[in-house]
Amino acid sequence: MSTPKGRVTPTESALDFRPADFPTLPEALDYAAGGETGIAFHDSRGKLAELLPYAILRAQARRLAARLVAAGLAPGERAGILAESDGDFVRAFMACQYAGLVPAPLPLPTAFGGRGAYVQHLRRMLVAAGASAAFAPAALRDWLGEAADGLGIRLCGTLGDLGDLDDLAEDAALPRVGSDDLAYLQFSSGSTRFPVGVAVTQAALMANMQAIARHGLGMGPADRCTSWLPMYHDMGLIGFLLTPLATQRSLDLMPTSGFARRPLTWLQLISDNGGTLSFSPNFGYELCLRRARTAAPQGLDLSSWRGAGIGGDMIRAAVLDEFAETFAPFGFRREALVPSYGMAETTLAISFHDLGRAPVVDAVDLDRLERMGEVAPPDRGAGRARSFVGCGRVLPGHELEVRDERGRPLRDLQVGRIHVRGPSLMREYFGRPLDTQAALSGDGWLDTGDVGYLRDGMLTVTGRAKDLIIVNGRNIWPQDLEWSVEAEVGALRTGDAAAFSAESADGRDEAVVMLVQCRSADPAVRQALRDGVAAVLRARHGIEGEVVLVPHNSLPHTSSGKLSRSRARRMLLDGHLADTVTAGAA
């Protein structure tokens, strides 16, 4: 087993390992505090910024909880917390747990267009949560105050505003938290105009983490976690903050903003401290690859990394192949890759690929898939093909069905809407009974809104139903169009294209629109780019699409980093994106 380098929390605890088998999160921290493990916060260069053993976290969180109770906050009230990847966020989140409050992690400004847009988004989220308290890092205190102005929030500021915690007894009277109480609100990263909070109970949270620990990742006493994922996203919050805590595992954490600047620091932390489990969306692996092409990594040892999870968005087989090949000389094994599927409405996880087995990739006849909704191998040397990565089997204790438009279960290799049921499901969309009713059936089935198919019990996700483009009876996934042009048009990079449908000029049909980021102001270069994208759409997909060039870095993303096609479509139709050259383009 690898030994952590430097002054970080040890990998192994002095406690008997327990796989998140507690009724509530406070009880999980109470147990973890009896050992030696905890959280090591690092900066973007990998330097240790703060060490927070679970024993200290418990003491600080309980003292802070006493402050919150003394301030008049009652169990069940909501507290918005700007989710910086630091000790203050973790202390505030766990203090809410002990005080019986419902924390609502809120995003940082990175994914928003300036202060004004960010403040308005924060305000909408605070209103949606009905927040009674809100906390921010010192640097964003004024921004939070502006967002909360006039909302009647009783406590608003930084944790430091609550005073020195050291003068409070750790055993101050605190309410009892039960398994039916809400554990947190998770805001959907894509719901920027009308934020929707996913309300998750303590019981659902613990059920999902236990299933992840026991079955999804097979966690044990020798595991150590590493993460750069944002704490306002379910993969970061549940997968790589709360699950390590609930399984007494040590965690090495770096800020998301630091990962964006220095992605290879993520791998260096795994190497230095013997990390065994770490997840990322597709783009995180791709960012590491991009950096490795220009700055060859040195001295990495990734042999300890046994669970390299990937999820949170569509999984690209080519990226997994290149990552495994690029980092094989540093001890990385392709068998360590763990494709998965999940969403906030199921707490986090729904399915995991089998541990220790290389990802399963299906080559599919794209014409048959688009026209008939059936999965079949492509004819050798003929037709169009697409590769899909399998996301594994549904977690034990949960059920999964793929259904047609009438709600009837489909047989294997037929594409339909994915439905799930089990103990990990959310209680509701907070304060949104009609939305809850539309997503959750009376007998407990959740319509995920995603599309995919089953084969011998293994789930493969093919796209998001709301993003599907329908042209002349063909069901076209936008990522197919985007990936094609990004791969075949030399001037483009990953993330430069966004495809969606819009009503045709005569109002009779859907037209395909392709937004393409352009870095050049030269008219000839711009026209060549339009022509090249249009040619790929015709040759590869038989589509005549409208190609619209937009400024570099103008395509919108969700707070978790996913391309937001629906928002891009709104921006174009509202006149906020146009086929023009930005000032200073070159």
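Residues numbered from 1 in each chain as written. Predicted model: local features only at pLDDT ≥ 70, side-chain atom pairs only at ≥ 80, totals over all residues. Heavy atoms only, no water.

K.L.:
Please set out the overall build of the chain residue by residue, giving values where relevant.
P.N.:
Counting secondary structure elements, the chain contains 16 helices and 27 strands. For the chain, the proportion of its 586 residues judged to be buried stands at 57%. Contacts in the chain between residues at least 24 apart in sequence constitute 71% of all its contacts with a sequence separation of at least 6. Surface summary for the chain: the accessible area is close to 23,200 Å², and the carbon and sulfur share equals 49%. Side chains of the chain give 61 positive and 69 negative charges; the mean places of these two sets differ by 1 Å. (Helix = DSSP H or I, 4+ residues; strand = E, 2+ residues; numbered from the N terminus. Buried < 20%, exposed > 50% of the residue type's maximum accessible area, 1.4 Å probe, protein only. Contact = heavy atoms within 4.5 Å. Areas by Shrake-Rupley, 256 points an atom, 1.4 Å probe, with all protein chains shown as cover. Lys, Arg positive; Asp, Glu negative; His and termini not counted. Charge placed at Lys NZ, Arg CZ, Asp CG, Glu CD.)

K.L.:
Describe the packing of helix 1 (residues 25-32) against helix 6 (residues 202-216), with residues and values.
P.N.:
For any two helices packed against each other, the geometry comes down to the angle between their axes and how far apart the axes lie. Interaxial distance between helix 1 and helix 6 falls to 9 Å at its minimum, and their mutual angle equals 50 degrees. Of the possible angle classes, the one that applies to helix 1 and helix 6 is oblique. Contacts between helix 1 and helix 6 involve Leu25, Pro26 and Ala28 from the first element and Gln202, Leu205, Met206 and Met209 from the second. Partitioned by chemical class, the residues of the contact of helix 1 with helix 6 number 6 nonpolar, 1 polar and no charged. (Axes fitted to C-alpha atoms, helices over the stretch in contact; angles between N-to-C directions. Parallel < 35°, antiparallel > 145°, perpendicular 65-115°, else oblique. Nonpolar A, V, L, I, M, F, W, Y, C, P; charged D, E, K, R; others polar.)

K.L.:
Explain the nonpolar core to me, using residue names and the numbers behind them.
P.N.:
In this structure, Leu25, Leu205, Trp266, Leu267, Trp305, Phe327 and Phe332 are the most contacted members of the largest nonpolar core, which totals 143 residues. Residues in contact with Trp266, not counting those within four places in the same chain, are Thr226, Trp228, Met254, Phe259, Ser278, Phe279, Ser280, Gly284, Tyr285, Cys288 and Trp305. (Core = buried A, V, L, I, M, F, W, Y, C linked by side-chain atoms within 4.5 Å.)

K.L.:
Provide a residue-level description of helix 10 (residues 282-294), including the pertinent values.
P.N.:
Among all positions of helix 10, only Asn282, Gly284, Tyr285, Glu286, Leu287, Cys288, Leu289 and Ala292 are buried. Where helix 10 is buried, its residues contact helix 8 (256-261), helix 9 (264-273), strand 11 (277-280), strand 12 (307-310) and helix 11 (317-327).

K.L.:
Describe the confidence of the model for the chain, with residues and values.
P.N.:
Averaged over every residue, the pLDDT of the chain is 90; residues scoring 70 or more account for 92%. Below a pLDDT of 50 lies the segment residues 581-586, which in the model reaches 8 contacts outside its immediate sequence neighbourhood of four places, other chains included. (pLDDT = per-residue confidence, 0-100.)

K.L.:
Report on the pairing of strand 1 (residues 38-42), specifying residues and quantitative values.
P.N.:
Of all 5 residues in strand 1, 5 are buried, a share of seventy percent or more. Pairing geometry for strand 1 and strand 2 (residues 48-53), over 5 bridges, is antiparallel. Counterpart to Ile39 in the pairing with strand 2 is Leu52. Where strand 1 folds back onto strand 2 in an antiparallel hairpin, the turn is made up of 5 residues, including Gly46, whose phi is positive at roughly 90 degrees. (Pairing = 2+ DSSP bridges.)

K.L.:
Just give me the short version of the sheet that holds strand 6 (residues 155-157), but keep the residues and values in it.
P.N.:
Strand order in the open sheet formed by 4 strands is 4-3-5-6, with parallel pairing between adjacent strands. Bordering the open sheet on either side are strand 4 (102-106) and strand 6, each of which pairs with just one other strand. Taking each pair of neighbouring strands and ignoring which way they run, the sheet shows an average axis angle of 25 degrees. One ladder, built from 4 bridges, connects strand 3 (residues 78-82) with strand 5 (residues 131-135); its direction is parallel. Bridging from a neighbouring strand, Gly80 pairs with Ala134 of strand 5. Along the sheet face, helix 4 (residues 114-129) touches strand 3, strand 4 and strand 5 and points at about 155 degrees away from the line of strand 3. In the packing of helix 5 (residues 141-148) onto the sheet, contacts are made with strand 3, strand 5 and strand 6, and the angle to strand 6 comes to roughly 140 degrees.

K.L.:
Go over the state of the cysteines, please, and point to the residues and values.
P.N.:
A full pass over the atoms with the stated rule returns 0 disulfides. With no disulfide of its own, Cys288 lies closest to Cys225 among cysteine sulfurs, the gap being 17 Å. (Disulfide = S-S within 2.5 Å.)

K.L.:
If you had to explain the environment of Ala136 to someone new, which residues and values would you point to?
P.N.:
One can find Ala136 in the loop between strand 5 and helix 5. Along the sequence, Ala136 and Leu106 sit 30 residues apart, while their C-alpha atoms lie 9.3 Å from each other. Aside from chain neighbours lying at most four places away, what touches Ala136 is Leu82, Arg141, Leu144, Gly157 and Thr158.

K.L.:
Break down the packing of aromatic side chains for me, citing the residues and quoting the values.
P.N.:
Two descriptors summarise a pair of aromatic rings, namely the distance from one centre to the other and the angle between the planes of the rings. For the coordinates displayed, the defined rule picks out 18 aromatic pairs. The interplanar angle of 70 degrees and the centroid separation of 5.6 Å between the aromatic rings of Trp266 and Tyr285 together place this pair among those described as edge-to-face. In this pair, Trp266 is assigned in helix 9 and Tyr285 in helix 10, connecting sequence segments 19 residues apart. Comparing Trp266 with Tyr285 shows no difference in burial state: the two are buried. Ring geometry for Trp305 versus Phe323: centroids 6.2 Å apart, planes at 90 degrees, classification edge-to-face. (Phe/Tyr/Trp six-rings, centres within 6.5 Å; stacked < 30°, edge-to-face > 60°.)

K.L.:
A description of the packing of helix 4 against helix 5 should follow, citing residues and the corresponding values.
P.N.:
The interhelical angle for the contact between helix 4 and helix 5, taken along N-to-C directions, is 55 degrees, at an axis separation of 8 Å. Classed by the angle they form, the pair helix 4 and helix 5 counts as oblique. Between helix 4 and helix 5 lies a crossing whose hand is right-handed. For the pair helix 4 and helix 5, contact is made by Arg115, Tyr118, Val119, Leu122, Arg123 and Leu126 and by Asp142, Trp143, Leu144, Glu146, Ala147 and Ala148, respectively. For the contact of helix 4 with helix 5, the residue count by class is 8 nonpolar, no polar and 4 charged. (Left-handed = near helix turned anticlockwise from the far one by under 90°.)

K.L.:
Go over the side chain of Asn208, please, and point to the residues and values.
P.N.:
Position of Asn208 relative to the elements: it lies in helix 6. A polar atom in the side chain of Asn208 sits 3.0 Å from the side chain of Ser424. With near-sequence residues (within four places) excluded, Asn208 lies in contact with Thr346, Thr347, Leu348, Ala349, Leu395 and Ser424. (Polar contact = N/O pair within 3.5 Å; in protein donor to acceptor, adjacent residues only side chain to side chain.)

K.L.:
Lay out the sheet that holds strand 21 (residues 446-455) in plain terms, naming residues and giving numbers.
P.N.:
Pairing is antiparallel in the open sheet, where 4 strands are placed in the order 18-19-21-22. Each edge of the open sheet carries a strand with a single partner, namely strand 18 (399-403) and strand 22 (458-464). The mean angle between the axes of side-by-side strands here comes to 50 degrees, regardless of whether they run parallel or antiparallel.

K.L.:
Tell me about the pairing of strand 11, and name the residues and values.
P.N.:
The alternating pattern of strand 11 places Leu277 and Phe279 and Ser278 and Ser280 on opposite faces, both of which are buried. The sheet contact formed by strand 11 and strand 12 spans 4 bridges and is parallel. Within strand 12, the position partnered with Leu277 by the bridge is Gly307. Each parallel crossover has a hand, and the one from strand 11 via helix 10 to strand 12 is right-handed. (Right-handed = clockwise from strand over helix to strand, strands pointing away.)

K.L.:
An account of helix 9 is requested, with residue identities and associated values reported.
P.N.:
Owing to its 3.6 residues per turn, the α-helix brings residues three or four apart onto one side. In terms of burial, helix 9 is a largely internal element, 8 of the 10 residues being buried. Here helix 9 has its buried residues at Leu264, Thr265, Trp266, Leu267, Leu269, Ile270, Ser271 and Asn273. Trailing helix 9 by a residue or two, Gly274 shows a phi angle of about 70 degrees, which is positive.

K.L.:
Before we move on, can you summarise the side chain of His541 with the specific residues and values?
P.N.:
Among the structural elements, His541 can be located in helix 15 (residues 523-541). Classification of His541 by relative accessible area gives buried; the value is 3%. At 3.0 Å, the side chain of His541 forms a polar contact with the side chain of Arg384. Beyond its immediate chain neighbours, meaning those up to four positions away, His541 contacts Leu366, Arg384, Arg474, Asp480, Leu481, Ser484 and Val536.

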